[in-house]
Amino acid sequence: MLATFALALTTFQAGPAVLTDYLVYGPFSSGGRTPCPTDPVAQTIVDGKWKRPEAGTETAGRPWQTAKAKEDGWLEGRALQGGYAFATYRSDASKTMVLDAAGHSMVYVNGVPRGGDVYGFGFVQLPIKVSKGENTFLFSVGRGRVRAALREVSSEVAVTDLDPTIPDLLVGNDDSLPASFVVSNPTDQKVKGLVWAVVDGSEGRQSVFEIGPMTVRKAVVYLPEKSFEEPGTHDLRVVFRSEGKDVQGPAFKVEVKPAHTLYKRTFVSRIDGSVQYYAVQPASTDDAKGLVLSLHGAGVEASGQAGAYGPKTWCDIVCPTNGRPFGFDWEDWGRTNALETLEDARAHLNPDADRVYLTGHSMGGHGTWSIGLLESDRFAAIAPCAGWCSFWSYAGAADWKEPDPVETLLRRAANASDTLKFIDNAEGLGVYVLHGAADDTVSVEEARSMRKALEPVKCAVDWHEEPGQGHWYDTDPEPGANCEDYRPLFDFFSRFRVPQALERRTVKFVAMGPEVGARKGFVRVLSQEKSLAPSRVEAQVWPDGSRISAKTDNVHAIAFEAKGMADAPEVELDGQKLSGRRFVKKSGQWAEGVQDGPCKDVSRPGGFKSAYDHGFRLVYLTGGKPVETAAARDKARFDAETWWYRGNGSTPVFGDDGLPATLPAGNYVFYGGFNALGTRRALFETKGFEVRPDSVRIGGKEFKGDLGLLLVRPNPAGGSVALVGGSSLRGFRTMERLSTFLAGVHYADFFLASPEMLTKGSKGVLATGWFGPDWSLGDDWASR
């Protein structure tokens, strides 16, 4: 933990105590979107050498300097464009307060990591414990400014008015849609109870809600099944009942919208059970049969994206959230959010199955390239507007010019972000590329390079560069902003249809995993031989669906499925004569059937980040020393707060003593030291891979010392288990600052690092790699 020191750097004002006087450090290069960030301050914390800085004292040869916030409380400066700000607060007693801060990616409060508000949204207000005397605050800041204030708070659970997710209701519709609201628990105890919504006196159904101590979490409620016959605004309140006591939240409003008016709709995500919303710009007629999925740019919300379009007669325009205005760059959980939105919208709006299209602007233009090419089977045509290709062409993702074996595998883990690796999936698509010729935010060269990459691909491409225009423009008198609501683009869409599976008799595509671009036409890749290496398939089917021939590369299991196909078609697969629909490789040869035992598939595809899915839970290990249990709990809570901020998420945090000895089905992420695993150690081991109390053995090679480990394995009951662990407290805290939830940052099935990673970067990674398609350890890994 960070030590606390007596340094009065706080100015008191009426109301909240606003931090105004700071010491700042930076900027320094932390490596951008990298799986192994460098950070000299974090290094001193992990090493236990952190000391309260004085003006002029140095960390890694760079001095700390005094700085003062402006009258509005914001501290700004170049040092904070990838640096730190340090301040203290003196309290006359130990008590609970709320830290209201913005602009920081995270903060150490008396040495404990807490969630940040890197984009300055303003809703991150976290309950904290302050001690009598001096309390320290060390803010990690990346975007050039930070502000912070403290205010006293009652020690009772409360439903807050921060960050609600509330749908609109439609006239005459009695759907019981979900909503979510932030609950704050400023107590030292986990709290469990019932939560429900009340609209104009009518109660929705009750749901169970649980929140850990000294944190916030979004509670899911369902609005009453009540039909409103007129547009208007209605009172909405949330009630939380725990131990027989009702806590009523502040007043909210729910809007009832008339037909053909822009509205918000919600659904419960399969990722974590959180409530996500999307916006709909409905068609101006009741018989529209097209659906256009439109992805917003960075900093734009779904409602703002929908408002950039004028209503159309033939299609509804559906705009997902990506979790947040910045979210996940439409990758990882952002891609899932888009596809979940599409699924809900199709059930809600009932478009023709063959008239679904994808577009988006800026970051959403990148999302159009990425999702449109990975999921090309879902769309008739795509239209990226002012979009960038990939993190390597635009956003500074990690790469190594002459990678060693470890770095090669680190880079491969990010393959699903590398758009050009699956450019061939555009075959059969309509692609319209729109860009401002004078765009100084996303260069028009991004569009030109993508058009060039498509030249050898058999697809219909059209494009327009608006002369003299930049990133955002609206020069057309028609409704909507023509930087994305562009008439020739929609005319282009209207000419394309999604073919039925057997209409597309020849299929050629690249899959990046069993859950990433795995399907096209009548073919689905069920499992890979090498995870996240490109899997290639070329297949042809006879007109009556009775015969199939296919060639594959890096495919372990495959399925041929389509309406009208024979029950057991004759199949020639990589030269082998077979019969059936599903096939798996056994001893290098194809056989009809499926994998015996656990298999990497769509439900547990591997890659560490895949554990954060399917209603995952965060679990801290309680079997270690008190200081180790506290560090595990703090890291799990920090990840939950970061997940809430990044993805509008909601996930429970609890100790492993609250789980049965035999783990139930589901996804669980465990936090803590190897020595605290106890009987759960078997969950994380396989032949050739052992996690001992103070070491890790991989393929006969033993790693000792201070180790930090990320690891994902199959849950025997179904789902995945993951470990954020360490052989020591120092090793465990090495994992504290990894950017797990940042798009463009990826990890293989296991990632073993020493604390020296924080200064040496990738050279401090000791081992990384992948388990095989049956989760056994093969040779697909590397070490130092």
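Everything below is about the structure printed above this text.
Our subject in this report is the structure included herewith.

Here is what the cut-offs are and how they apply
- All residue numbers refer to positions counted from 1 along the written sequence of the respective chain.
- Only residues with pLDDT of at least 70 get local features here, since the model is predicted, and only at 80 or more are side-chain atom pairs given and counted; chain-wide, interface and lining totals rely on the full set of residues.
- Hydrogens and waters are ignored; side-chain quantities use all the structure's heavy atoms.
- Put simply, two rings from Phe, Tyr or Trp (the six-membered ring, in Trp's case) pair if the centres are within 6.5 Å, and we call them stacked under 30 degrees between planes, edge-to-face over 60, tilted for the rest.
- Going along the chain from the N terminus, every DSSP run of H or I of four or more residues is numbered as a helix, and every run of E of two or more is numbered as a strand.
- Partly exposed residues are those whose accessible area sits between 20% and 50% of the maximum for their type, while under 20% is buried and over 50% is exposed, using a 1.4 Å probe and protein chains only.
- Lysine and arginine charges are scored as sitting over a ring when NZ or CZ, respectively, is within 6 Å of the ring centre and within 35 degrees of the ring normal.
- Note on contacts: a residue pair qualifies if any of its non-hydrogen atoms lie within 4.5 Å across the two residues.
- When DSSP finds two or more bridges between a pair of strands, those strands are recorded as paired.
- Think of each axis as a best-fit line through the C-alpha atoms, taken over the contacting stretch in the case of a helix, with angles from 0 to 180 degrees between the N-to-C directions.
- In the sections that follow, a salt bridge refers to a side-chain nitrogen of Lys or Arg positioned within 4 Å of a carboxyl oxygen of Asp or Glu.
- We call a set of buried residues a nonpolar core when its members are Ala, Val, Leu, Ile, Met, Phe, Trp, Tyr or Cys and they connect through side-chain atoms within 4.5 Å of each other.

A short note on the packing of aromatic side chains
Phase 1: Summed over all chains, the structure comprises 44 aromatic pairs.
Phase 2: Between Trp333 and Tyr612 the ring centres are 6.5 Å apart and the planes differ by 90°, which places this aromatic pair in the edge-to-face class. Remark: Tyr612 occurs in the loop between strand S41 (589-592) and strand S42 (617-620) and Trp333 occurs in helix H3 (residues 333-349); sequence separation between them is 279 residues.
Phase 3: Residue Trp333 is classed as buried on the basis of its relative accessible area of 6%.
Phase 4: By relative accessible area, which is 0% here, Tyr612 ends up buried.
Phase 5: Clustering of aromatic rings is evident, with ring pairs tying together Phe328, Trp333, Phe608, Tyr612, Phe616, Trp643 and Phe741.
Phase 6: Between the NZ or CZ atom of Lys312 and the centre of the ring of Phe490, over which it lies, the distance is 4.7 Å.

A short note on the side chain of Arg504
Phase 1: By the secondary structure assignment, Arg504 is in the loop between helix H7 (487-493) and strand S32 (506-511).
Phase 2: Arg504 has contacts with Asp377, Glu427, Pro499, Lys520, Gly521 and Phe522, leaving out every residue within four places of it along the chain.

Overview of the sheet that holds strand S50 (residues 750-753)
Phase 1: The strand order S43-S42-S44-S49-S48-S50-S51-S52 describes an open sheet built from 8 strands, whose pairing is mixed. Strand pairing shows two members of the sheet lacking a second neighbour, strand S43 (653-655) and strand S52 (781-783), which therefore form its edges. In this sheet, adjacent strand axes meet at a mean angle of 15° when their direction is disregarded.
Phase 2: As paired strands, strand S48 (residues 708-714) and S50 are joined by 4 bridges and run antiparallel to one another.

Re the side chain of Thr341
Phase 1: As for its position among the elements, Thr341 is in helix H3.
Phase 2: If near-sequence neighbours (up to four positions away) are discounted, Thr341 is found in contact with Phe267, Tyr278, Leu293, Val318 and Pro320.

Describing the pattern of salt bridges
Phase 1: The tally for this structure, following the rule as stated, stands at 54 salt bridges.
Phase 2: Its salt-bridge partner being Glu465, residue Arg448 comes within 2.9 Å of it at the nearest N-O pair. Note that Arg448 is positioned in helix H6 (residues 444-453) and Glu465 in strand S31 (residues 460-466), a separation of 17 residues in sequence.
Phase 3: On the basis of relative accessible area, Arg448 is assigned to the partly exposed category, the value being 33%.
Phase 4: Each of Asp47, Asp706, Arg730 and Glu756 takes part in one network of salt bridges that share partners.

Things to note about the environment of Gln248
Phase 1: Tracing the backbone through its elements, the reader meets Gln248 in strand S22 (residues 245-248).
Phase 2: Taking the relative accessible area as the measure of exposure, Gln248 reaches 52% and is therefore exposed.
Phase 3: Residues in contact with Gln248, not counting those within four places in the same chain, are Arg237, Val238 and Val239.

Considering the nonpolar core
Phase 1: Residues Tyr612, Phe670 and Phe751 are the most contacted members of the largest nonpolar core, which totals 134 residues.
Phase 2: Look past the residues within four positions of Phe751 in its chain and what remains in contact with it is Pro35, Cys36, Leu410, Gly708, Leu709, Leu710, Met735, Leu738, Met757, Val765, Ala767 and Thr768.
Phase 3: Grouped together as the second largest cluster of nonpolar side chains are 27 residues, Ile317, Ala380, Cys385 and Phe492 included.

Structural notes on the environment of Leu707
Phase 1: Take Leu707: it is sitting in the loop between strand S47 (701-704) and S48.
Phase 2: The class for Leu707 is buried, based on a relative accessible area of 0%.
Phase 3: Sequence spacing of Leu707 and Ala386 is 321 residues, and the spatial spacing of their C-alpha atoms is 43 Å.

What to know about the sheet that holds strand S28 (residues 356-361)
Phase 1: On the basis of which strands lie adjacent, the open sheet formed by 8 strands has the order S24-S25-S27-S26-S28-S29-S30-S31 and mixed pairing. Only two strands of the sheet have a single neighbouring strand rather than two, namely strand S24 (263-268) and S31. Strand-to-strand, the axes of this sheet are offset by a mean angle of 20°, without reference to chain direction.
Phase 2: Set on the sheet, H6 makes contact with strand S30 (430-436) and S31; between it and S30 the angle comes to about 155°.

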